[in-house]
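Remarks on the overall topology
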Amino acid sequence: MKNYNIFICGVGGQGIGLLSEVLIQSCLAAGYAVLGVDTHGLAQRGGIVVSHLRIGTRDKLFTPRITPGEADLIVGLERLEAYRGIVNYMRDGGSCIYYDAEQQPIHVRMGMTDYPAISELEQAVAERHGKLERVFIEDLPDVRMQNTAVLGRIASFELVEGVTGDIIREQLLEISPAGARDANQRVFEQAMAART
Amino acid sequence: MSKFAENMIRKDAWTGLMMGNHALVRAMLESGVMVVSAYPGSPTPEIAAAIEIIPEEQRPIHFEWATNEKVATETAFGASINGHLSVVFFKSVGLNVALDSAVQLSMLDCTGGMVVVIGDDPGANSSQNEQDNRHAGRMMMMPIFEPGSPSETYTMFMEAAELSKKLKLPVLFRMTTHVCHARELVEFGPIPDFDYDWTPQYHAKGLEYWPITTAVFPLKRKAFAKLAAVEKHALSSPANRVISPNGSEAVNGRRLGVITHSIPAYSVLECLDRSGSPIDVLKLGITFPLNPEQIVDFLNAHDEVFILEELDRILESEIKAIAFDNKVTTKILVRPEVEHLMHEFVPQRVWDLFSGFWPECFEPQPARAEPAEEVSPRLAQMCPGCGHRSAFFAIRELIEEEFPDTITVADIGCHSLGSMKPYEMGTVLLCMGHSNGTAGGLAIGNDKRKVVCFIGDSTFFHAGLPGIINNVLYDRNVTLVVLENYTTAMTGHQPHAASGEIGDKIKIPEVLEALGVKFLRSVDAYMQDKLKDHMRDAMNHEGFGVVIAKHPCMLKFIRDKRKRAAATKNAQSVNR
Ligand SMILES: Cc1ncc(C[n+]2csc(CCOP(=O)(O)OP(=O)(O)O)c2C)c(N)n1
Ligand code: SF4
């Protein structure tokens, strides 16, 4: 198979680590080889956090970083970061699944730049002949579950053959801390069912 | 015990998904490492996290955070000459701090073995420069191992530790940011039954640990002899290998090869996979000392060889010298532009570079069009509620209103972000602890502009004290603001001398008083009016003055609170 590249992006503190861990473990469980790399650093202070995942067969995977313009899937946890991910990394015909959280950076708050409207994401994706899937849950019990909601939506698609919703659910529950397991499962199912 | 910790100390062989930093810790356990000392800095703190997650009573490794990298190095050295295999780790620029001690080590018999692990940072992902510590390895006369993936981190550490023990020679283990943070499946071996003998074995017959003046030369000769042994080892080491993914044949009548290292080697292999060209790759894991025979053989087997390295022209220069000495006629190709001496070599960049030399193998590709969309930048910011924010806000207001033209000197830590909008406090920055010295220099002969400098509390002990002492001694017209938050925040909240988590807290105001600081005030950073009053008085004071603006790191505070709540919840559910 050709490698499948997932570019995950968001803002420090949104739980990108858990999201990418669940996806990696799911792909491993489905029998694929995976390489990944995360950016660490100033994560806690509202900086950009990204994680690269490359999925395929061992003999065709060499480096973990995705070349700009070659991501099959952009997973965003925040609107501006999803937009940045689409613009820089989405391949022609790729997809983006993002949680529509809004975290304005200082440049926007000081009026130096604009925060993107949903329509700008739609347009950027259309220009790349891709698909855009917005995730938003009105009554999400905890903002720290935005990552779970996105996972639920990813699970509804089986974007990589064999990485089924059941596998992703199982990995999520395995990795979730015991206290958060039930709530995570509820959000996961809700997001999975709400697929457009 | 967490599943992760259980796996970490599993006696039998297993395979698991691992980050480079974590694979390193398993390799330490399988090698019988007994002492690890460190000072935090990206990209290495996860090494400590993987050690500390193992419950202490089941952890064969004695681990501790040191005051700075130099002390960490000395600690590991002391353990090693006592017969215990030791490791010291820190980030790239940490080696600058450690160097004064580290340059002696290879002359002295490190009987237990010692591995110096550094996290270099090509691409300056989280550092103030891109310094290439392969230079330092040469100056320190330490062999250099360079893994390019988590699996190689594991296997090469085992090899490095073994070699270090055998030769009693410290080894420089050079990881880079994206090796530390890469994740892949790693196949681990079993942990042998070590006896972890803590008997102090230090023994000096004469001056073999005393390198001063003429005593240096026999010791230096010994170090050269050890390096010669490593050179021999390099020939048969699995870390140095020739890879021919597409077979080796001539391309248009020329046999082509690449000599490379670390992550760039994998970028080359990815390009070769796309291209299908029969080019051979000599991947060097041990990059110092080079084995001339190995290099000459590879060169002679090819008509053209590209030397692809990341950062400085080190392999290029040494390989060219070897080729000259051995009258090799192979055409040696190197990176042509200054731009190539910066940043990382990801596959696309390697392709573009090679296509300029070997277009028949790497078809030149049009540069990817810059996306038309404008996307707002997002700069890292201090957390909401951070005490540093409050302090900067107040001090900026005071300076604007009453002391325009003041020069503000930044230091390294979360508070470095105060240099950016909207605070713009601290406009010159070198390294950890520079602020007092730099401010002192700015104050010389200067009776026109006030000088204010900042420092964090971990940095205060790390490298701040000498500069502070200088300012006290010369009673410089400088106002120092100590931003005390009781933790090493920037790198992930490690403890320090004044955090109260290691031994008795060393109290910063008491240290300053003992040093003879004449003007000293302390105030919670949230009390902005009072902070402004203190700052005004300090800046009007003739000579050196210190204001401590204290407030616990809010991120750590919130996380600790959550952890405590979770722990109580667990305890309650157990009781029930
Ligand atoms: C020589 C060196 N070692 C380590 C680092 C990594 N580092 C950056 S800031 C920092 C310490 C910050 O702690 P502190 O001074 O307490 O300031 P805070 O982040 O808590 O505000 C460290 C260790 C570095 N930049 N240079
Ligand atoms: S981590 Fe702590 S010190 Fe750093 S910005 Fe956040 S609150 Fe401030």
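All of these numbers come straight from a predicted model, not from anything done at the bench.

This part takes up the overall build of chain A. For chain A, the helix and strand inventory stands at 7 helices and 6 strands. Moving toward the C terminus, one meets the helices and strands of chain A in the order β-α-β-β-β-α-β-α-α-β-α-α-α. Against the compact-globule benchmark of 16 Å for 196 residues, chain A has a radius of gyration of 16 Å, which places it among compact chains. In terms of overall dimensions, chain A has C-alpha extents of about 50 × 40 × 35 Å along its principal axes. Counting all 196 residues of chain A, 58% fall into the buried class. Across chain A, the fraction of contacts at a sequence separation of at least 24, relative to all contacts at a separation of at least 6, is 66%. Of the roughly 7,800 Å² of accessible surface on chain A, a fraction of 49% belongs to carbon and sulfur atoms. Positive and negative side-chain charges of chain A, numbering 19 and 25 respectively, have mean locations separated by a distance of 4 Å.

A few words on unusual backbone geometry. For residues besides glycine, phi is generally negative; the peptide bonds are generally trans as well. Here B:F288 and B:P289 are connected by a cis peptide whose omega angle stands at -10°. Within the fold, B:P289 resides in the loop between β12 (286–288) and α11 (292–300). Omega for the bond connecting B:K421 with B:P422 falls within 30 degrees of zero, at 0°, which places this linkage in the cis form. Positionally, B:P422 belongs in the loop between β15 (407–409) and α15 (435–443). Positive phi, normally seen in glycine, also occurs at A:H129, with a value near 50°. Tracing the chain through its elements places A:H129 in the loop between α4 (118–127) and β6 (131–135). A relative accessible area of 58% means that A:H129 is categorised as exposed.

The next point concerns the pairing of strand β7 (residues 171–176) of chain B. Residues and elements named next belong to chain B. Of all the 6 residues making up β7, 6 are buried; the element is thus mostly covered by neighbouring parts of the structure. Taking every second residue as pointing to the same face, both faces of β7 are buried, with V171, F173 and M175 on one and L172, R174 and T176 on the other. By the bridge criterion, 6 bridges tie strand β5 (residues 114–120) to β7 in an arrangement that is parallel. What sits directly across from I118, in β7, is R174. Across 2 bridges, the pairing between strand β6 (residues 144–145) and β7 is parallel. When the bridges of β7 are listed, I144 appears paired with L172. Taken together, β6, helix α7 (residues 150–167) and β7 form a β-α-β motif whose crossover is right-handed.

So, about the site of ligand 1. All names here are of chain B. Residues in contact with ligand 1 amount to 26 residues; listed here are only the nearest, E69, H388, C414, D457 and T459. The contact in question runs from an oxygen atom of ligand 1 to an N or O atom on the side chain of H388, over 2.8 Å. A distance of 2.5 Å separates an oxygen atom of ligand 1 from a polar side-chain atom of T459. Burial of ligand 1 by the protein amounts to 97% of the accessible area it has alone, namely 580 Å².

For the rest of this paragraph, the subject is the nonpolar core. Formed by 78 residues in total, the largest nonpolar core has its most connected members in B:M28, B:V36, B:F63, B:F89, B:V117, B:F157 and B:F173. No other element matches the 7 residues that α7(B) contributes to this core. Counting contributing residues per domain, this core is built from domain 1 (3–236) and domain 2 (241–355) of chain B, each supplying no fewer than three. Leave out the neighbours within four places in its chain, and B:F63 touches B:V36, B:A38, B:A48, B:I51, B:E52 and B:F89. Ranked by size, the runner-up nonpolar core spans 39 residues in total, among them A:I16, A:C27, A:I97 and A:I154.

Looking now at the interface of chain B and chain A. At the junction of the two partners, chain B supplies 44 residues and chain A supplies 53 residues. For chain B, the biggest contributors to the area lost against chain A are B:R183, B:R378 and B:Q381; these three give 21% of the whole. Counting across the chain B and chain A interface gives 10 salt bridges. Linking chain B with chain A are 19 residue pairs in polar contact (both at pLDDT 80 or more).

Residues and elements named next belong to chain B. Considered domain by domain, chain B is made up of domain 1 (3–236), domain 2 (241–355) and domain 3 (387–558). In this structure, domain 1 and domain 2 have C-alpha centres spaced 28 Å apart. Overall, the association of domain 1 and domain 2 removes approximately 2,400 Å² of surface from exposure, summing both partners, and the carbon and sulfur fraction of that is 53%. Area buried by domain 1 at its contact with domain 2 is led by R134, R138 and L235, which between them contribute 26% of it. Here domain 1 is connected to domain 2 by 4 salt bridges. Applying the counting rule to domain 1 against domain 2 returns 19 residue pairs in polar contact (both at pLDDT 80 or more). Listing elements by their share of the side of domain 1 that touches domain 2, those giving two or more residues are α6 (134–140), β6, α7, β7, α8 (177–180) and α9 (216–236). Take the side of domain 1 that touches domain 2: its biggest share by element is 7 residues, from α9. Each residue belonging to the side of domain 1 that touches domain 2 can be placed in one class, and the counts come to 13 nonpolar, 10 polar and 10 charged.

Before going further, it helps to examine the packing of aromatic side chains. For the structure shown, the criterion picks out 19 aromatic pairs over all chains. Ring centres 5.8 Å apart and planes at 35° place the aromatic pair A:Y99 and A:F136 in the tilted group. Residue A:Y99 is located in strand β5 (residues 90–99), and its partner A:F136 is located in the loop between β6 and α5 (146–155); the two are separated by 37 residues in the primary sequence. Ring geometry for B:F460 and B:F461: centres 5.0 Å apart, planes at 75°, overall edge-to-face. Each member of the pair, B:F460 together with B:F461, is buried. Site record: aromatic cluster; members linked through ring pairs are B:F306, B:W351, B:F354, B:F357, B:W358 and B:F362.

Attention now goes to the environment of B:H496. Residues and elements named next belong to chain B. Here H496 shows up in the loop between β17 (479–484) and α17 (508–515). The spacing of H496 and T568 is 72 residues in sequence and 27 Å in space, taken between C-alpha atoms. A polar contact is formed between the side chain of H496 and the backbone nitrogen of T487, at a distance of 3.2 Å.

Let us now look at the environment of B:D121. All names here are of chain B. Checked against the element boundaries, D121 lands in the loop between β5 and α6. Placed 78 residues apart in sequence, D121 and P43 show a C-alpha to C-alpha distance of 7.8 Å. When neighbours within four sequence positions are excluded, D121 is seen to be in contact with S92, S126, S127, N129, E130 and T177. Separated by 2.9 Å, the side chains of D121 and N125 make a polar contact. Reaching out from D121, the side chain makes a polar contact with the side chain of T177 at a distance of 2.6 Å.

Let's shift gears to a nonpolar patch on the surface. Residues and elements named next belong to chain B. A contiguous nonpolar surface patch, about 410 Å² in accessible area, is contributed by I469, L473, Y474 and L515. Looking at where I469 falls in the secondary structure, it is placed in helix α16 (residues 457–473). Owing to a relative accessible area of 36%, I469 belongs among the partly exposed residues under this scheme.

Overall, mixed pairing links the 8 strands, which are arranged β6(A)-β5(A)-β4(A)-β1(A)-β3(A)-β2(A)-β8(B)-β1(B) in an open sheet. Among the strands making up the open sheet, the edge pair consists of β6 of chain A together with β1 (14–19) of chain B. When strand polarity is set aside, the average angle formed by the axes of neighbouring strands in this sheet is 20°. With 2 bridges joining them, strand β2 (residues 33–38) of chain A and strand β8 (residues 182–188) of chain B adopt antiparallel strand pairing.

Parameters at a glance
Residues numbered from 1 in each chain as written. Chains lettered and ligands numbered in written order. Predicted model: local features only at pLDDT ≥ 70, side-chain atom pairs only at ≥ 80, totals over all residues. Heavy atoms only, no water. Helix = DSSP H or I, 4+ residues; strand = E, 2+ residues; numbered from the N terminus. Rg over C-alpha atoms; globule rule 2.2 N^0.38 Å. Buried < 20%, exposed > 50% of the residue type's maximum accessible area, 1.4 Å probe, protein only. Contact = heavy atoms within 4.5 Å. Areas by Shrake-Rupley, 256 points an atom, 1.4 Å probe, with all protein chains shown as cover. Lys, Arg positive; Asp, Glu negative; His and termini not counted. Charge placed at Lys NZ, Arg CZ, Asp CG, Glu CD. Pairing = 2+ DSSP bridges. Right-handed = clockwise from strand over helix to strand, strands pointing away. Near = heavy atom within 4 Å. Polar contact = N/O pair within 3.5 Å; in protein donor to acceptor, adjacent residues only side chain to side chain. Core = buried A, V, L, I, M, F, W, Y, C linked by side-chain atoms within 4.5 Å. Domains from an automatic or database assignment. Buried area = accessible area lost by both parts, 1.4 Å probe. Salt bridge = Lys/Arg side-chain N within 4 Å of Asp/Glu carboxyl O. Nonpolar A, V, L, I, M, F, W, Y, C, P; charged D, E, K, R; others polar. Phe/Tyr/Trp six-rings, centres within 6.5 Å; stacked < 30°, edge-to-face > 60°. Patch = residues over 30% accessible without salt bridge, like charges linked within 9 Å, V, L, I, M, F, W, Y side chains within 5 Å. Axes fitted to C-alpha atoms, helices over the stretch in contact; angles between N-to-C directions.

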